[in-house]
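Fold and contact review
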Amino acid sequence: MPVMDPGFRNAIAGLLASRGYDVVHAHDWSVSSAIGPARRAGVPVVLTQHDYSHVCATKRWMRGGDVCPGPGPIACIRCAASRHGPVVGPGVAVANAFARRARARHVNAFVPVSSVVAVSTRLPGRSPFTVIPNFIPDELPLDEPVPHPDGPIVFVGDLTRHKGIYVLLDAHRRLGGVPPLVLAGRTFESMPLDLSGQVELRGLLDHASVIDLMQTASVVVIPSIVPDCCPTVVLEAMAVGRPVVAAASGGIVDLVDDGVTGVLVAPGDAADLSVALSAVVQNREAAAAMGRAALERARLFTASVIVERIETLYQRLTSGLPPAP
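Residues numbered from 1 in each chain as written. Predicted model: local features only at pLDDT ≥ 70, side-chain atom pairs only at ≥ 80, totals over all residues. Heavy atoms only, no water.

1. Things to note about empty space enclosed by the protein
Evaluated as defined, the whole model comprises two cavities of 30 Å³ or more. The volume enclosed by the largest cavity comes to roughly 80 Å³. As for the largest cavity, its lining consists of Val55, Cys56, Ala57, Thr58, Trp61, Met62, Arg63, Cys68, Pro71, Ala75, Cys76 and Cys79. The greatest single-element share of the lining of the largest cavity, amounting to three residues, is contributed by helix 3 (residues 73–84). Across the lining of the largest cavity, the residue classes tally to 10 nonpolar, one polar and one charged. Around the second largest cavity, the lining residues are Asp28, Trp29, Leu47, Gln49, Asp51, Ser53, His54 and Arg103. The residue inventory of the lining of the second largest cavity, partitioned by class, reads two nonpolar, three polar and three charged. (1 Å grid on protein atoms, 1.4 Å probe; cavity = no way out; pocket = protein on both sides within 12 Å on 5 of 7 lines; lining within 4 Å. Points joined across faces, edges and corners; volume = space filled by probe spheres on them. Helix = DSSP H or I, 4+ residues; strand = E, 2+ residues; numbered from the N terminus. Nonpolar A, V, L, I, M, F, W, Y, C, P; charged D, E, K, R; others polar.)

2. Some points on helix 10 (residues 270–282)
Over its 13 residues, helix 10 extends 18 Å from the first C-alpha to the last, a length consistent with the 18 Å expected when each residue adds 1.5 Å. By the burial criterion, the buried members of helix 10 are Ala270, Leu273, Ser274, Ala276, Leu277, Val280 and Val281. Buried residues along helix 10 cover an arc of 165° about the axis, so they all sit on one side. Of the exposed residues in helix 10, the ones pointing more than 90 degrees away from its buried face are Val275 and Gln282. The opening residue of helix 10 is Asp269, an N-cap whose side-chain oxygen sits 3.1 Å from the backbone nitrogen of Ala271. (Expected span 1.5 Å × (residues − 1). Buried < 20%, exposed > 50% of the residue type's maximum accessible area, 1.4 Å probe, protein only. Arc of directions from axis to C-beta. Polar contact = N/O pair within 3.5 Å; in protein donor to acceptor, adjacent residues only side chain to side chain.)

Okay, here's the thing in structure tokens:
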């Protein structure tokens with residue numbers, strides 16, 4: 001909920017009173033419980049935005065089955081009601097609208113995980129912010145990944161409409177089922193899948209198994225319709241040296257260098273996705289070059305690199321400086 005939790009607030013206040021902390025760093029709606037104690041302690045507040053909750057009561061920036069065109073009082077109340085229920089939903093939307101004003105006044109630095117999150121939550125020109133993406137472990141980018149040009153197309157994620165699963169299945173049928181498609185992720189009874197014999201469903205895998213699966217792929221596909229804020233699956237695919245074919249949706253556009261580390265396609269367009277997958281699979285030399293470029297780009301998103309950027313932000317704030325753009 002976008003409101004202060006008394007127990008959480010008191011715990012934060014107790015920590016700030018007992019030790020000399022320099023910064024309070026909160027994530028998403030948890031910042032509501034941190035603002036008050038941080039103000040009393042005289043320390044700056046950092047808010048990492050992993051989603052769109054600063055302006056969106058459902059956090060996903062979707063209205064029904066489509067990307068939200070922008071917030072509005074009535075539209076947001078109706079959307080929240082459809083997501084959280086007719087009783088709770090409107091209350092969440094109204095509470096978030098009031099909490100947003102407090103966040104705008106008292107957060108010293110917003111940290112959206114992608115440029116799309118920054119723009120969608122209306123930070124430019126209004127609030128101090130710096131974009132810092134998600135990260136992967138330092139040891140994940142492989143030194144010498146083995147290409148698998150004959151490997152399957154691999155998808156990892158929830159098998160839902162918003163994640164583009166129906167678009168992907170349509171695109172794969174347009175390819176004639178070659179190469180085979182491997183799906184890893186949660187399935188839902190409300191979203192039945194019509195799978196051909198050239199589609200293998202692995203189900204929900206642990207992280208190590210996901211990485212192993214990606215290493216067998218000729219290409220990793222992320223066909224999201226929902227504007228994913230900063231999907232780690234893209235970074236993981238790049239870290240094992242795989243070209244990525246992905247929807248130009250949400251924070252994906254910050255991660256995939258179109259034509260260099262992979263290919264971006266129009267969200268929801270099965271024909272466009274099919275053409276892109278075919279081009280990558282059939283041109284092995286280009287695919288291998290994309291995989292190598294993806295691996296090098298993945299090194300920009302390792303924990304040590306990203307943590308250094310966060311520490312630089314802390315240093316600026318404790319020195320009385322605004323976040324660097």
